Amino acid sequence: MTNFPVYILALLGLCMIAGFFVNRNTARTRLIAAGGGREGGWHSQASYHGFFTAWGVAIIGLIIFIFGLNVAPDDAGVGFNVAWLAALLAASGAVVIGAQRFIRSDFRARTYVERAILAVLVMLSIIAVLTTFGIVMSLAFESWRFFQKVPLNEFLFGLQWSPQTALRADQAGSSGAFGAVPIFAGTFLIMLVAMLVAGPIGLMIAIYLSEYASPRTRSIVKPAVEILAGIPTVVYGFFALLTVGPTIRNFSESLGFAVPTQSAISAGIVMGIMIVPLISSLSDDVISAVPQSLRDGSLALGATKSETMKKVIFAGALPGIIGAFLLAISRAIGETMIVVMAAGRAANLTANPFEAVTTVTVQIVALLTGDQEFDSAKTLAAFALGLVLFVITLVLNVIALTIVRRYREQYD
């Protein structure tokens, strides 16, 4: 049967399009004739009759498609495929002809079409929720298998990360270490460096654009800053590995101490540059949302523009700015490519940003790359790391969205 089901689906799409245009034109002809040369007097427009036909063709066609998949023998030949194709064409034609009986003034085609669209939207929403639920359950199930092999307290509070397990029972060095503290320490160290770079720069850009820049300057600077958000992360990784890392290393050597090319500070600086547009754009939006009456009232009382910014506007926009920072932190924690190229994979437990470290996402990629056994603790550790990372980012996003929503309600 090979790719024939794909052709059947493509033909079904063509039948839907053809059914739409045939019955839409039929409805338009009848509708104009009934209206004395102009459209009017009918419950539904001609296009709704076309959509009603297309929905009918889709439902019948999918039933035939699923039935054909289930009854198709393993050695289905040309005869079966031709019969399958003919059944689809015959059923589609019957639906188009049958739907023409309903093309009349009192038929509520629009109501049925809108109900069908609503059903599709509800179904897609349910699929999205179930997909999220499935991801969480798969992480939880595999993590539970991991914690049967490695105690939870050893994973959460262990200070050594060396996830090497033996392929044979008699192999030397068969015991691994799954203490995740160095992994999370490296993650938060790089995130801290990134936020120290992105936070002040992004916030200052937002204040300038919203309060001090002329409309012409704002129209030029804001799109230029937001271009940074569209650069692929692998390009940032190259920039960190080939430019920022060697520059920091050479500068450090000129001061008399050695710094490796791959370090937490080079990865953090470049990651901070990457998330500057996120902070500046969100902060600009919340600062601009502060009512103009607050600015006017402060200036009318004799405050300077700077005092108004610090004591009135910034205070009013503070919840939204905090939400922007939390979203940026979530973005920094989940970044992978820059860290792989700029910070290395060494699981060092250190607070020195000039040393090589690794992060949760990098270790997940390393653990799941290549030929792996999904029964080993080494592979299952990736799911445990993913589960903890999911919980951290989920909590940060919930806090950020709660703050932003409360802020918006304040001025709506």
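Residues numbered from 1 in each chain as written. Predicted model: local features only at pLDDT ≥ 70, side-chain atom pairs only at ≥ 80, totals over all residues. Heavy atoms only, no water.

A. Structural detail: the overall build of the chain. Assigned secondary structure in the chain consists of 14 helices and 2 strands. Computed over C-alpha atoms, the radius of gyration of the chain comes to 30 Å, more than 25% over the 22 Å expected from 2.2 N^0.38 for 412 residues, which places it beyond the range of a compact globule. When its C-alpha atoms are laid out on the principal axes, the chain stretches across 90 × 80 × 35 Å. Within the span of the chain, comprising 412 residues, buried residues form 39% of the whole. Taking the contacts inside the chain whose residues are at least 6 apart along the sequence as the reference set, 74% of them involve residues at least 24 apart. Only carbon and sulfur atoms are counted for the fraction: they give 67% of the accessible area of the chain, which is about 22,100 Å². Side-chain charges in the chain split into 26 positive and 22 negative, and the spacing between the mean points of these groups amounts to 11 Å. (Helix = DSSP H or I, 4+ residues; strand = E, 2+ residues; numbered from the N terminus. Rg over C-alpha atoms; globule rule 2.2 N^0.38 Å. Buried < 20%, exposed > 50% of the residue type's maximum accessible area, 1.4 Å probe, protein only. Contact = heavy atoms within 4.5 Å. Areas by Shrake-Rupley, 256 points an atom, 1.4 Å probe, with all protein chains shown as cover. Lys, Arg positive; Asp, Glu negative; His and termini not counted. Charge placed at Lys NZ, Arg CZ, Asp CG, Glu CD.)

B. Expanded view of a nonpolar patch on the surface. Together, Ile117, Leu121, Met123, Leu124 and Ile127 make up a nonpolar patch on the protein surface, roughly 460 Å² of accessible area in all. Take Met123: it is sitting in helix α4 (residues 109-149). (Patch = residues over 30% accessible without salt bridge, like charges linked within 9 Å, V, L, I, M, F, W, Y side chains within 5 Å. Salt bridge = Lys/Arg side-chain N within 4 Å of Asp/Glu carboxyl O.)

C. Structural context of the pattern of salt bridges. Here the structure, examined in full by the defined rule, presents 7 salt bridges. A salt bridge links Glu142 to Arg145, with the nearest nitrogen and oxygen atoms 2.9 Å apart. Of the two residues, Glu142 and Arg145 are both situated in helix α4; the distance of 3 residues between them amounts to about one turn of the helix. As a salt-bridge pair, Asp285 and Lys222 come within 3.8 Å of each other at their nearest N and O atoms. Here Lys222 lies in helix α7 (residues 215-226) and Asp285 lies in helix α9 (residues 264-288), a separation of 63 residues in the sequence.

D. Looking closely at the packing of α9 against helix α11 (residues 305-334). The N-to-C vectors of α9 and α11 enclose an angle of 140°; their axes lie 8 Å apart at closest approach. One finds that α9 runs oblique with respect to α11. Classified by chirality, the crossing of α11 by α9 is right-handed. Between α9, through Met271, Met274, Ile275, Leu278, Ile279, Leu282, Ser283, Val286 and Ile287, and α11, the contact on the second element is made entirely by Met309, Ile313, Ala317, Gly320, Ile321, Ala324, Phe325, Leu327, Ala328, Arg331 and Ala332. Of the residues belonging to the contact of α9 with α11, the class tally is 17 nonpolar, 2 polar and 1 charged. (Axes fitted to C-alpha atoms, helices over the stretch in contact; angles between N-to-C directions. Parallel < 35°, antiparallel > 145°, perpendicular 65-115°, else oblique. Left-handed = near helix turned anticlockwise from the far one by under 90°. Nonpolar A, V, L, I, M, F, W, Y, C, P; charged D, E, K, R; others polar.)

E. Main features of the packing of helix α1 (residues 4-34) against helix α2 (residues 46-71). At a minimum axis separation of 7 Å, α1 and α2 run at an interaxial angle of 155°. Here α1 lies roughly antiparallel to α2, going by the angle between them. As α1 packs across α2, the resulting crossing turns out to be right-handed. Its residues assigned to classes, the contact of α1 with α2 comprises 17 nonpolar, 7 polar and 2 charged.

F. Focus on the nonpolar core. Core analysis: the largest hydrophobic core is formed by 59 residues, its most contacted members being Phe146, Phe155, Trp161, Ile190, Ile275 and Leu385. Elements represented by at least two residues in this core include exactly α4, α6 (181-212), α8 (233-255), α9, α11, α12 (337-342), α13 (360-367) and α14 (377-411). Each residue touching Phe155, except ones within four places of it in the same chain, is listed here: Phe146, Phe147, Trp161, Phe178, Gly179, Ala180, Val181, Ala384, Leu385 and Val388. Counting residues in each nonpolar core, the second largest holds 13 residues, with Cys15, Phe65, Trp84 and Ala91 among its members. (Core = buried A, V, L, I, M, F, W, Y, C linked by side-chain atoms within 4.5 Å.)

G. Summary view of the environment of Tyr112. Along the chain, Tyr112 turns up in helix α4. C-alpha separation for the pair Tyr112 and Gly272, spaced 160 residues apart in sequence, amounts to 51 Å. Once residues within four sequence positions are removed from consideration, Tyr112 is found in contact with Phe52 and Phe107.

H. Looking closely at α11. Over its 30 residues, α11 extends only 38 Å from the first C-alpha to the last, a length that falls short of the 44 Å expected when each residue adds 1.5 Å. When the local axis directions of α11 are compared, the greatest deviation, roughly 55°, occurs at Leu318, which is followed within four positions by the proline Pro319. (Expected span 1.5 Å × (residues − 1). Bend = angle between axes of the 7 residues up to and from the residue.)

I. Region of interest: the environment of Phe155. Within the element layout of this structure, Phe155 appears in helix α5 (residues 152-157). C-alpha of Phe155 to C-alpha of Ile117: the two residues are 38 residues apart in sequence and 48 Å apart in space.

J. Fine view of α4. Across its 41 residues, α4 extends 60 Å between first and last C-alpha, which sits within 8% of the 60 Å expected from 1.5 Å per residue. Within the span of α4, buried status applies to Ala109, Val113, Leu139, Glu142, Ser143 and Phe146.

K. View of the confidence of the model for the chain. Across the chain, pLDDT averages 85, with 92% of residues at or above 70. Looking over the chain, one finds the lowest element-wise mean pLDDT in α14, namely 79, and the highest in α6, namely 92. (pLDDT = per-residue confidence, 0-100.)

L. Main features of the environment of Val136. Relative to the elements of secondary structure, Val136 occurs in helix α4. Separated by 112 residues in the primary sequence, Val136 and Ile248 place their C-alpha atoms 40 Å from one another.

M. Here's a closer look at the packing of aromatic side chains. All chains considered together, the criterion is met by 16 aromatic pairs. With 5.3 Å between their ring centres and 65° between their planes, Phe146 and Phe147 make a pair best called edge-to-face. Both rings, one in Trp161 and one in Phe178, keep their centres 6.0 Å apart while their planes meet at 90°; by these two values the pair is edge-to-face. Placement of the pair is Trp161 in strand β1 (residues 161-162) and Phe178 in strand β2 (residues 177-178), with a sequence separation of 17 residues. We note that Trp161, like Phe178, is buried. Every member of this aromatic cluster is reached through a ring pair, and the members are Phe146, Phe147, Phe155, Trp161 and Phe178. (Phe/Tyr/Trp six-rings, centres within 6.5 Å; stacked < 30°, edge-to-face > 60°.)

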